[in-house]
Amino acid sequence: MEQTFIMIKPDGVQRNLVGEIIGRFEKKGFTLKGLKLLTVDRAFAEKHYADLSAKPFFNGLVEYIVSGPVVAMVWEGKNVVVTGRKIIGATNPAESAPGTIRGDYAIDIGRNVIHGSDAVESARKEIALWFPEGIAEWRSSVHSWIYE
Ligand code: GTP
Ligand code: MG
């Protein structure tokens, strides 16, 4: 089934939003397949956001991501990439709808609490980058209560 890479950024960890964020994905019905807390270095953050290296905010973005521990996760489920982005909300919290994570918990675009893969292909690359050791193999026992 489809998987996505979700990362709670350093501000989300510092602000004690980890449980709240995990709860939203769990309650939706998605399945947690990978989870760890770690602090990444500049080279790793630059690799994760390589597509944005030409942007004027790139340096600030890298500084932000290396500023403290992040929570890296793999979530699985039908359409989890697109639906995960909906749960997260628009990039700029000024435009994120209330009820989304960024809409409820963020104000500035440069402190927007959470990352989610933007496509199935980027999810595949990001999961390989963040979880080179691989992820858990398990099937939720509530599967048939969530999927028709
Ligand atoms: P991610 O899930 O973190 O990848 O965000 P996104 O996919 O919604 O947006 P995008 O990939 O375009 O940008 C990555 C991150 O860079 C954003 O989440 C912001 O933290 C930051 N960012 C994007 N645009 C701006 C900007 O105009 N100014 C600043 N300061 N930061 C930005
Ligand atoms: Mg992005």
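Owing to the predicted nature of the structure, the values given are computational and were not obtained by experimental measurement. (Residues numbered from 1 in each chain as written. Chains lettered and ligands numbered in written order. Predicted model: local features only at pLDDT ≥ 70, side-chain atom pairs only at ≥ 80, totals over all residues. Heavy atoms only, no water.)

Colleague: Quick question: what am I supposed to make of the site of ligand 1 here?
Modeller: By nearness alone, every residue bordering ligand 1 is listed as Lys-9, Tyr-49, Leu-52, Phe-57, Leu-61, Arg-85, Thr-91, Arg-102, Ile-109, Asn-112, His-115 and Gly-116. In this structure, an oxygen atom belonging to ligand 1 sits 3.2 Å away from a side-chain N or O atom of Arg-102. Protein chains shield 76% of the accessible area of ligand 1, which is 590 Å² for the free molecule. Within the shell around ligand 1, the residues separate by chemical class into five nonpolar, four polar and three charged. (Near = heavy atom within 4 Å. Polar contact = N/O pair within 3.5 Å; in protein donor to acceptor, adjacent residues only side chain to side chain. Areas by Shrake-Rupley, 256 points an atom, 1.4 Å probe, with all protein chains shown as cover. Nonpolar A, V, L, I, M, F, W, Y, C, P; charged D, E, K, R; others polar.)

Colleague: Got a minute to help me understand unusual backbone geometry in this structure?
Modeller: Across residues other than glycine, the phi torsion is negative in most instances, and most of the peptide bonds are trans. Even without a glycine there, the phi angle at Asn-79 is positive, about 55°. Within the secondary structure layout, Asn-79 lies in the loop between β3 (70-76) and α5 (80-88). For Val-113, which is not a glycine, the phi torsion comes out positive at approximately 75°. Relative accessible area serves as the criterion here: at 0%, Val-113 is assigned to the buried category. (Helix = DSSP H or I, 4+ residues; strand = E, 2+ residues; numbered from the N terminus. Buried < 20%, exposed > 50% of the residue type's maximum accessible area, 1.4 Å probe, protein only.)

Colleague: Where do I start with helix α7 (residues 120-130) in this structure?
Modeller: Think of an α-helix as 3.6 residues a turn; residues three or four steps apart then line up on the same face. Looking at α7, one finds that the buried residues are Ser-122, Ala-123, Glu-126, Ile-127, Leu-129 and Trp-130. Buried residues of α7 fall within an arc of 160° about the axis and therefore sit on the same side. Seen from the open side of α7, the exposed residues pointing more than 90 degrees away from its buried face are Arg-124 and Lys-125. Among the structural elements, β1 (3-8), β2 (31-38), α3 (42-48), β3, α5 and β4 (114-116) are those in contact with the buried residues of α7. (Arc of directions from axis to C-beta. Contact = heavy atoms within 4.5 Å.)

Colleague: I tried to follow the nonpolar core on my own but got confused; where do I start?
Modeller: For soluble globular proteins, nonpolar side chains are generally found buried alongside one another. If you look at the biggest cluster of nonpolar residues, it comprises 18 residues, and the most contacted ones within it are Ile-21, Phe-25, Trp-75 and Ile-114. Every residue in contact with Ile-114, bar those within four places of it in the chain, is listed here: Ile-6, Met-7, Ile-8, Lys-9, Ile-21, Phe-25, Ile-88, Ile-101 and Arg-102. Ranked by size, the runner-up nonpolar core spans 17 residues in total, among them Met-7, Tyr-49, Leu-61 and Val-62. (Core = buried A, V, L, I, M, F, W, Y, C linked by side-chain atoms within 4.5 Å.)

Colleague: Sorry if this is basic, but what is going on with the UniProt feature "active site" (unreviewed entry) in the protein here?
Modeller: UniProt records the feature "active site" (unreviewed entry) at His-115, using the numbering of this structure. Its place among the elements puts His-115 in strand β4. Judged by relative accessible area, His-115 falls into the buried class, the value being 8%. (UniProt positions renumbered as here; feature names shortened; annotations may be inferred.)

Colleague: How do you make sense of the packing of helix α2 (residues 18-28) against α5 when you look at a structure like this?
Modeller: Between α2 and α5, the shortest axis-to-axis distance is 11 Å and the interhelical angle comes to 135°. By the angle between their directions, the pair α2 and α5 is classed as oblique. Relative to α5, the crossing made by α2 is right-handed. Counted together, Arg-24, Phe-25 and Lys-28 of α2 and Thr-83, Gly-84, Ile-87 and Ile-88 of α5 form the full contact between these two elements. Classifying every residue of the contact of α2 with α5 by side-chain character gives three nonpolar, two polar and two charged. (Axes fitted to C-alpha atoms, helices over the stretch in contact; angles between N-to-C directions. Parallel < 35°, antiparallel > 145°, perpendicular 65-115°, else oblique. Left-handed = near helix turned anticlockwise from the far one by under 90°.)

Colleague: Teacher, can you tell me more about the packing of aromatic side chains here?
Modeller: What describes a pair of aromatic rings is the distance from one ring centre to the other and the angle between the planes of the rings. Counting across every chain of the model gives three aromatic pairs. Their ring planes at 25° and their centres at 5.0 Å tell us that Phe-5 and Trp-130 sit as a pair that is stacked. You can see Phe-5 sitting in strand β1 and its partner Trp-130 sitting in helix α7, a full 125 residues away along the chain. Residue classification places Phe-5 among the buried positions, given a relative accessible area of 0%. Taken together, the aromatic side chains of Phe-5, Phe-44 and Trp-130 make up a single cluster linked through ring pairs. (Phe/Tyr/Trp six-rings, centres within 6.5 Å; stacked < 30°, edge-to-face > 60°.)

Colleague: Teacher, can you tell me more about the side chain of Glu-126 here?
Modeller: Tracing the chain through its elements places Glu-126 in helix α7. Arg-85 is the oppositely charged side chain nearest to the buried, salt-bridge-free Glu-126, at an N-O distance of 7.7 Å. Among the polar contacts made by the side chain of Glu-126, one reaches the side chain of Ser-117 at a distance of 2.6 Å. Other than its neighbours up to four places away in sequence, Glu-126 contacts Phe-5, His-48, His-115 and Ser-117. (Lys, Arg positive; Asp, Glu negative; His and termini not counted. Salt bridge = Lys/Arg side-chain N within 4 Å of Asp/Glu carboxyl O.)

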